[in-house]
Amino acid sequence: MNQATFHFYGALNDFFPDSQKDAPLSCSFNSDQSVKHLIEAMGVPHTEVGCVLVNDSPVDFSYRVNDSERVEIYPLAGEEGVGESPGTTRFVVDNHLGRLAYFLRMLGFDALYRNDYQDDELAQTAEQEGRLLLTRDRRLLMRNQVQRGYWVRSLSPRQQILEVLRRYNLKAQITPFRRCIRCNGILQPVSKEAVLDRLEPLTRLYFDDFRICPDCQQVYWKGSHYERMRQFIDQWLT
Ligand SMILES: [Zn+2]
């Protein structure tokens, strides 16, 4: 049996109980194990890892760890390759994170979500469509198929959206009133006349700027809902 020392840094400590945080951890293993396999066996998905050093030299995930080596694992700091204009950062969101998907859409981000996704579908969609997978299931992120994703730490949806905005540096891309909160469709301008029969009397009276979702036909205007959204953005994101 071989033994190596693993030291996880920064946000990677979120995966460990307090007693193991920021400390060198001893790992016993049979020979011919990849560093990716050993890191994940200790509970950290590869999608969270930025770089790995073995005895001070960078290695890739396929590196085979030898006896007595010293492995240092650093978190991914900001994600590379995430576009800077709205619509270029795309997500697929795990079943259990419906409120997070709602908030992402509210802020204008492309967030696929269904409450009946199977794990295979989530991983496949992430891979095939180049989407970032957001989940609280760290096992899902350990699949080789999943190249990019994030283990959402908080249980609170408001904290979750802050985590995701921070992780992917998305604040500059926030575009409210752009995407359908119900189905993720992109809203289109629509004349007041075209939707008049669907509006409540007060909405007819006070609002003139309307948008519609071409996919589910939901009508949006900058009413109380929009104001709540603005308050949320002002309160939580600035
Ligand atoms: Zn819609």
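Thresholds applied
Residues numbered from 1 in each chain as written. Predicted model: local features only at pLDDT ≥ 70, side-chain atom pairs only at ≥ 80, totals over all residues. Heavy atoms only, no water. Helix = DSSP H or I, 4+ residues; strand = E, 2+ residues; numbered from the N terminus. Buried < 20%, exposed > 50% of the residue type's maximum accessible area, 1.4 Å probe, protein only. Areas by Shrake-Rupley, 256 points an atom, 1.4 Å probe, with all protein chains shown as cover. Lys, Arg positive; Asp, Glu negative; His and termini not counted. Charge placed at Lys NZ, Arg CZ, Asp CG, Glu CD. Salt bridge = Lys/Arg side-chain N within 4 Å of Asp/Glu carboxyl O. Donors = N, O, S within 2.8 Å, 3.2 Å for Na, K, Ca; no water. Phe/Tyr/Trp six-rings, centres within 6.5 Å; stacked < 30°, edge-to-face > 60°.

For this particular structure, what's the right way to read the overall build of the protein chain?
Scanning the protein chain from terminus to terminus reveals eight helices and twelve strands. Every one of the 238 residues in the protein chain was classed for burial, and the buried ones make up 47%. Surface accessibility of the protein chain: about 12,300 Å² in total, with carbon and sulfur atoms responsible for 46%. Treating the 29 positive side-chain charges of the protein chain as one cloud and the 32 negative ones as another, the clouds have centres 7 Å apart.

How do you make sense of the pattern of salt bridges when you look at a structure like this?
Where charged atoms of side chains with opposite charge meet at close range, the side chains can pair. Counted by the stated rule, this structure contains 13 salt bridges. Here Arg64 ties to Asp32 by a salt bridge, and the two come within 3.9 Å at their closest N and O atoms. In this pair, Arg64 sits in the loop between strand S4 (57–59) and strand S5 (70–75) while Asp32 sits in the loop between strand S2 (25–29) and helix H1 (35–41), placing the two residues 32 residues apart along the sequence. When its relative accessible area of 40% is taken as the criterion, Arg64 is described as partly exposed. Its relative accessible area of 55% is what places Asp32 among the exposed residues. One salt bridge connects Arg153 with Glu48, and the closest N-O pair in it is separated by 3.0 Å. Residue Arg153 is located in the loop between strand S9 (149–151) and helix H5 (157–167), and its partner Glu48 is located in the loop between H1 and strand S3 (49–54); the two are separated by 105 residues in the primary sequence. For the residue pair Arg153 and Glu48, the accessibility class agrees, reading buried in each case.

Where do I start with the coordination of the zinc ion in this structure?
Four donors placed tetrahedrally around a metal ideally meet at 109.5 degrees, and six donors placed octahedrally ideally meet at 90 or 180 degrees. All of the protein donors around the zinc ion are Cys180 (SG), Cys183 (SG), Cys213 (SG) and Cys216 (SG); their distances to the metal are 2.3 Å. Donor residues binding the zinc ion come from one chain and are separated in sequence as C-x2-C-x29-C-x2-C. Remark: Cys216 occurs in the loop between strand S11 (210–212) and strand S12 (219–221) and Cys180 occurs in the loop between H5 and strand S10 (188–190); sequence separation between them is 36 residues. Cys216 gets classed as partly exposed once you look at its relative accessible area, which sits at 22%.

Would you take a moment to explain the packing of aromatic side chains for this structure?
In this description, a pair of aromatic rings is defined by centroid distance and the angle of the planes. Evaluation of the coordinates by the stated rule reveals ten aromatic pairs. For the ring pair Phe91 and Tyr168, a centre distance of 5.9 Å and an interplane angle of 65 degrees mean the geometry is edge-to-face. Here Phe91, found in strand S6 (residues 90–93), pairs with Tyr168, found in the loop between H5 and S10; they are 77 residues apart in sequence, far enough to count as distant. Classification of Phe91 by relative accessible area gives buried; the value is 0%.

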